[in-house]
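Below are the chains, spelled out letter by letter.
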Amino acid sequence: MKSVTTLLLAMFFVMLQPGLVQANDYEEGKEYQLLSSPQPTSTGDKIEVVELFWYGCPHCYELEPDVQAWLERKPEYVELVRMPAIVGPRWELLAQAYYTAELLGIVDTIHPALFKAIHEKHMKINDEAALQAFFVDQGVSAEDFRNTFNSFAVAVKMNNARQMTRRYRISGVPTIIVNGKYSTGAKLAGSNKGVFEVVDYLVEQEHAAAPAAPAGAVVN
């Protein structure tokens, strides 16, 4: 009788902690997909998590609070890489805006402000002139904007984003790529919150599979 009671209490405890159940329930083809071929990463020894997005996408805008919450609790051995997806000419302007902000060192200011301008203020930012006006409103000089927006460095980043968008073979945004191997999103995970529960699961799978650091090595 005592053993039965102990078993029931253990089952009750597990039921109260959905993460313990859900983590084991994640399956390839359901909550996440395995990429057809592994893709290169850019974060060295850290596990790379790529967020593919488009500023014009309302679902990407709605995911942002969950991205920020995850950033505050992610392990040190994980690095987020934001990548504006480029699936066609219409996506290029705002992708170029992201990389302009990145090179100017103001992503933390421009990224939320541009989402807000499009989805809350309903601003029409459809050409370079409108984008320049937006950057100037954020405190960037028109000259700095033009020089950076049309720079070779931005062109290189844009070309990489085009290539990786194709290589990831995404069907829409937002899409999250974990360590160049797995993809997931709200549709697969079931919700925006679920996206990062799946990401955490995949990150831990990758972390557990990583080779142990040599004795005396410093682990970031």
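What counts as what
- Residues numbered from 1 in each chain as written.
- Predicted model: local features only at pLDDT ≥ 70, side-chain atom pairs only at ≥ 80, totals over all residues.
- Heavy atoms only, no water.
- Core = buried A, V, L, I, M, F, W, Y, C linked by side-chain atoms within 4.5 Å.
- Buried < 20%, exposed > 50% of the residue type's maximum accessible area, 1.4 Å probe, protein only.
- Helix = DSSP H or I, 4+ residues; strand = E, 2+ residues; numbered from the N terminus.
- Axes fitted to C-alpha atoms, helices over the stretch in contact; angles between N-to-C directions.
- Parallel < 35°, antiparallel > 145°, perpendicular 65-115°, else oblique.
- Left-handed = near helix turned anticlockwise from the far one by under 90°.
- Contact = heavy atoms within 4.5 Å.
- Arc of directions from axis to C-beta.

Novice: Explain the nonpolar core to me, using residue names and the numbers behind them.
Specialist: Within the largest apolar cluster, 42 residues are counted, with the highest numbers of intra-cluster contacts made by Leu52, Leu114, Leu131, Phe135, Tyr168 and Val173. Within the residue set of this core, elements represented by two or more residues are strand 2 (47-53), strand 3 (78-84), helix 4 (92-104), helix 5 (107-119), helix 6 (128-137), helix 7 (142-149) and helix 8 (152-168). Listed in part, the 21 residues of the second largest apolar core include Tyr32, Val78, Tyr201 and Val203.

Novice: Explain the packing of helix 4 against helix 7 to me, and be specific about the residues and the numbers.
Specialist: Relative to each other, helix 4 and helix 7 sit at 110°, their axes nearing to 9 Å. In terms of axis orientation, helix 4 runs roughly perpendicular to helix 7. For the crossing formed where helix 4 meets helix 7, the hand is right-handed. Residues Leu93, Gln96, Ala97, Thr100, Leu103 and Leu104 of helix 4 touch helix 7, and the partners they reach there are Asp144, Phe145, Thr148 and Phe149.

Novice: Pulling in residues and values, what's your account of helix 6?
Specialist: Among all positions of helix 6, only Leu131, Gln132, Phe134 and Phe135 are buried. Down the axis of helix 6, the smallest arc covering the buried residues is 160°, so these residues share one side. Exposed residues pointing more than 90 degrees away from the buried face of helix 6 are listed as Ala129 and Asp137. Tucked into the core, helix 6 has its buried residues touching helix 4, helix 5 and helix 7. Looking one or two residues past helix 6, Gly139 carries a phi angle of roughly 100°, positive in sign.

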